[in-house]
Amino acid sequence: MLRIAVPNKGSLAETAALMLDEAGYAVRKDPKVLHLLDSRNDVEFFYLRPRDIATYVGSGALDVGITGRDLLLDSHSEATEVAELDFARSTFRFAGPTGRFSELSDLEGKRLATSYPGLVGDFLAEAGVTSTLVKLDGAVESAVQLGVADAVADVVETGSSLRNAGLEIFGPVILRSSAVLVTSPSVPAGLPTLLRRLQGVLVARQFVLMDYDLPVALLEQATVIAGGIESPTVSPLRDPEWVAVRVMVRREDTNSVMDELYGLGARAILVSAIHAARL
Ligand SMILES: Nc1ncnc2c1ncn2[C@@H]1O[C@H](COP(=O)(O)OP(=O)(O)OP(=O)(O)O)[C@@H](O)[C@H]1O
Ligand SMILES: O=P(O)(O)OC[C@H]1O[C@H](OP(=O)(O)OP(=O)(O)O)[C@H](O)[C@@H]1O
Ligand SMILES: [Mg+2]
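What counts and what doesn't
- Just so you know, the residues in each chain are numbered from 1, in the order the chain's sequence is written.
- Following the order in which they are written, the chains are lettered starting with A and the ligands numbered starting with 1.
- At least 70 in pLDDT is required for a residue's local features to be given in this predicted model, at least 80 for side-chain atom pairs to be given and counted, and no such filter applies to totals for whole chains, interfaces and linings, which use all residues.
- A molecule or strand has a residue near it when that residue's C-beta atom, placed from backbone coordinates, lies within 6 Å of it.
- Only DSSP runs of H or I with at least four residues qualify as helices, and only runs of E with at least two residues qualify as strands; both kinds are numbered from the N terminus onward.
- Under the scheme applied here, ten amino acids are nonpolar (Ala, Val, Leu, Ile, Met, Phe, Trp, Tyr, Cys and Pro), four are charged (Asp, Glu, Lys and Arg), and all others, including Gly, are polar.
- Domain segmentation is taken from an automatic or database assignment of domains.
- A pair of strands is labelled paired if DSSP reports no fewer than 2 bridges between them.
- The definition of a right-handed crossover adopted here requires that, viewed with the strands pointing away, the path from the first strand over the helix to the second runs clockwise.
- Contact criterion: two residues are in contact if their C-beta atoms, reconstructed from the backbone, are within 7 Å.
- For this analysis, nonpolar core means a set of buried Ala, Val, Leu, Ile, Met, Phe, Trp, Tyr and Cys residues linked through C-beta atoms within 7 Å.
- Exposure in this text rests on C-beta crowding, where 20 or more other C-beta atoms within 10 Å of a residue's own make it buried, 12 or fewer make it exposed, and counts in between make it partly exposed. The C-beta atoms are placed from the backbone.

Caption draft 1: View of the site of ligand 2. Lining the immediate surroundings of ligand 2 are 13 residues, of which Gly138, Val155, Glu157, Thr158 and Ser161 lie closest. Per-element accounting of the shell around ligand 2 gives the leading share, 3 residues, to strand S9 (residues 151-156). Within the shell around ligand 2, the residues separate by chemical class into 4 nonpolar, 6 polar and 3 charged.

In structure tokens form, the structure reads like this:
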């Protein structure tokens, strides 16, 4: 039985639960439930704080987990990343009052507030910069205004939290993060199935199915526009001059590909969602 750690709260929790649901696993109905047995899929879920997940998985107490790459590195646990999950994308950056700092070395001897002292401490040590880390639980952007730190190091998505606090980013990117699947040091037997199912959900989200009819003479040109994963599926139509084509297309390219195919001479172009996939 594969023992899986899932975020119980915070910005990772909802999307992680949705992904597992789409991957065919049982999901909790009550947010107070901390343990759920999914015997049909031979897995067991433990709902834990995202920050603690790498610790449980790294110690081998649990087999795999969903957490953030930044949280994984901050934990110094022995868990390892096995897949990026394509949500909770962010960068981890230094920021200070507008105009005050311009490069990493400006942090020498300064007070730096962060919720990720492991991650930030490693980065500073590697760069040979010594700062005093001020560990905060969250809302780190307020630390400068409130006088407990000179600068911050925190998660940045849109940058609006920083701007609202009168801060601007400076210095190098500390980390590019996203939600990740992590595994214990002794790679569990059930991992490949979970991984394939989650990757199937990602594919279903990232691609659409496109069907269209095309004069057979234009097939080579159409394949250049949309080549599919291996190669397009081509089926005969009653009219021998025409074929029906089916191809997977990246969701964000849907309309430009339709425009190009129509321009080439394709007709009856239909797009449908993919509910599940194994590539
Ligand atoms: N605005 C954001 N955009 C993208 N990812 C984010 C954002 N805020 C936090 N994360 C990611 O979420 C993870 C942290 O989750 P966690 O639940 O501990 O914090 P949180 O979402 O800020 O919730 P909390 O309110 O408990 O602090 C990290 O991997 C972090 O990079
Ligand atoms: O660049 P932005 O789009 O503004 O997003 C980044 C902010 O989002 C998260 O904060 P959250 O709301 O989770 O609060 P917290 O800092 O207390 O964890 C993160 O810690 C940053 O503060
Ligand atoms: Mg937060």
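Caption draft 2: Structural view of the site of ligand 1. Lining the immediate environment of ligand 1, one finds 15 residues, of which Gly10, Ser11, Gly68, Ser90 and Glu157 sit closest. Sorting the residues of the shell around ligand 1 by element identifies helix H2 (50-58) and helix H3 (69-75) as the ones contributing at least two each. For the shell around ligand 1, the domains that each give at least three residues are domain 1 (2-88 + 178-189) and domain 2 (90-176).

Caption draft 3: View of the pairing of strand S8 (residues 132-135). Across 4 bridges, strand S7 (residues 111-114) lies against S8 in parallel orientation. Across the sheet, Arg111 pairs through a bridge with Thr132, a residue of S8. The parallel pair S7 and S8, bridged by helix H4 (residues 117-127), forms a crossover whose chirality is right-handed.

Caption draft 4: How the structure looks around the environment of Glu108. Secondary-structure assignment places Glu108 in the loop between strand S6 (90-97) and S7. As a C-alpha pair, Glu108 and Leu124 span 16 residues in sequence and 9.5 Å in three-dimensional space. Beyond its immediate sequence surroundings of up to four residues, Glu108 is in contact with Val129, Thr130 and Ser131.

Caption draft 5: Highlighting the nonpolar core. One finds Val6, Val57, Ala151 and Val152 to be the most contacted residues of the largest nonpolar core, which totals 57 residues. Per-domain counts for this core show at least three residues from each of domain 1 (2-88 + 178-189) and domain 2 (90-176). Filtering out sequence-adjacent residues up to four positions away, Val57 remains in contact with Ala5, Leu62, Val64, Gly65, Ser77, Ala79, Val182, Thr183 and Ser184.

Caption draft 6: Local environment of unusual backbone geometry. Phi is positive for Ala88, close to 50 degrees, though the residue is something other than glycine. Taking the C-beta count within 10 Å as the criterion, Ala88 has 23 such neighbours and is therefore assigned buried. Residues other than glycine seldom take positive phi values, yet Ala268 does so here, at roughly 50 degrees. Taking the C-beta count within 10 Å as the criterion, Ala268 has 10 such neighbours and is therefore assigned exposed.

Caption draft 7: Spotlight on the environment of Asp259. Residue position: Asp259 is located in helix H9 (residues 254-264). Among the residues examined, Asp259 registers 12 C-beta atoms within 10 Å and is labelled exposed.

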